[in-house]
Every structure is written in C-alpha cells, then in structure tokens.
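Take a look at the letters that make up each chain.
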Amino acid sequence: MNRIKEVLVIQGKSQVWLAEELGKSTTSVTAICNNKSQPHLKDLKRIAEILDVDIRELLVPTK
C-alpha cells in the first residue's frame, strides 16, 4: 500500500479531503495514492505538513 494512502486511512481522512487541502484535483491525489504518478517534492513536503508527519514517513515503503 502507498504510504500516503496508508497514513490517510490511519488518520481517518479521505483522498478528497487531501486534494482540497492541497488545492489539487481529486484525480491527481488518487493517482498519487495508487502509485500511478509521483508527487513533486514540494507537494510531498506539503502533504507531510498537512498530515502532520515527517516527510521520511511518506517515503518508507510498507510491507
């Protein structure tokens, strides 16, 4: 599972919510969460801030 998607599940937040917080389309966030695209570094940093996690936590693959 994608780490961003996993953190969203753990925190009880949706991809739609994250898209609104980022100012991105739901389609873009869904693509990131489904490993169809990679976020730009500045977006990854912003995602970490929004989710209140260390950016490294979003880069570690899950088992």
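Computed from a predicted structure; not experimentally measured. (Residues numbered from 1 in each chain as written. Predicted model: local features only at pLDDT ≥ 70, side-chain atom pairs only at ≥ 80, totals over all residues. Heavy atoms only, no water.)

Asks: I'd love a proper account of the overall build of the protein chain, names of residues and values included.
Replies: Regarding its fold elements, the protein chain presents five helices and zero strands. In sequence order, the protein chain lays out its α and β elements as α-α-α-α-α. Radius of gyration (C-alpha) of the protein chain: 10 Å, near the 11 Å computed for a compact globule of 63 residues. For the protein chain, the C-alpha atoms occupy an extent of roughly 25 × 25 × 20 Å along the three principal directions. Every one of the 63 residues in the protein chain was classed for burial, and the buried ones make up 33%. (Helix = DSSP H or I, 4+ residues; strand = E, 2+ residues; numbered from the N terminus. Rg over C-alpha atoms; globule rule 2.2 N^0.38 Å. Buried < 20%, exposed > 50% of the residue type's maximum accessible area, 1.4 Å probe, protein only.)

Asks: Got a sec to walk through the packing of helix α1 (residues 3-11) against helix α2 (residues 15-22)? Specific residues and values, please.
Replies: The contact between α1 and α2 brings their axes to 10 Å, and the two run at 110 degrees. The angle between α1 and α2 places the two elements in the roughly perpendicular class. Along the contact surface, α1 presents I4, K5 and L8, while α2 presents Q15, W17 and L18. Within the contact of α1 with α2, the residues separate by chemical class into four nonpolar, one polar and one charged. (Axes fitted to C-alpha atoms, helices over the stretch in contact; angles between N-to-C directions. Parallel < 35°, antiparallel > 145°, perpendicular 65-115°, else oblique. Contact = heavy atoms within 4.5 Å. Nonpolar A, V, L, I, M, F, W, Y, C, P; charged D, E, K, R; others polar.)

Asks: How would you summarise the packing of α2 against helix α3 (residues 26-33) if you had to cite specific residues and measurements?
Replies: Running from N to C, α2 and α3 cross one another at 120 degrees; their axes reach a closest spacing of 8 Å. On the basis of their axis angle, the class for α2 and α3 is oblique. For the pair α2 and α3, the crossing hand works out as right-handed. Residue-level inspection shows Q15, V16, L18, A19 and L22 of α2 in contact with α3, the latter providing T26, V29, T30 and C33. Across the contact of α2 with α3, the residue classes break down as six nonpolar, three polar and no charged. (Left-handed = near helix turned anticlockwise from the far one by under 90°.)

Asks: Report on the UniProt feature "domain: HTH cro/C1-type" (unreviewed entry) in the protein chain, specifying residues and quantitative values.
Replies: According to UniProt, the positions carrying the feature "domain: HTH cro/C1-type" (unreviewed entry) are residues 4-58. Note that residues 4-58 is 71% helix and 0% strand, and that its end C-alpha atoms are spaced 6 Å apart. (UniProt positions renumbered as here; feature names shortened; annotations may be inferred.)

Asks: Describe in detail unusual backbone geometry, supporting the description with residues and values.
Replies: If you check the backbone angles, N35 has positive phi at about 60 degrees while not being a glycine. Mapped onto the elements of the fold, N35 is located in the loop between α3 and α4 (41-51). Positive phi, normally seen in glycine, also occurs at D52, with a value near 55 degrees. Mapped onto the elements of the fold, D52 is located in the loop between α4 and α5 (55-59). Overall, D52 belongs to the exposed group, its relative accessible area being 70%.

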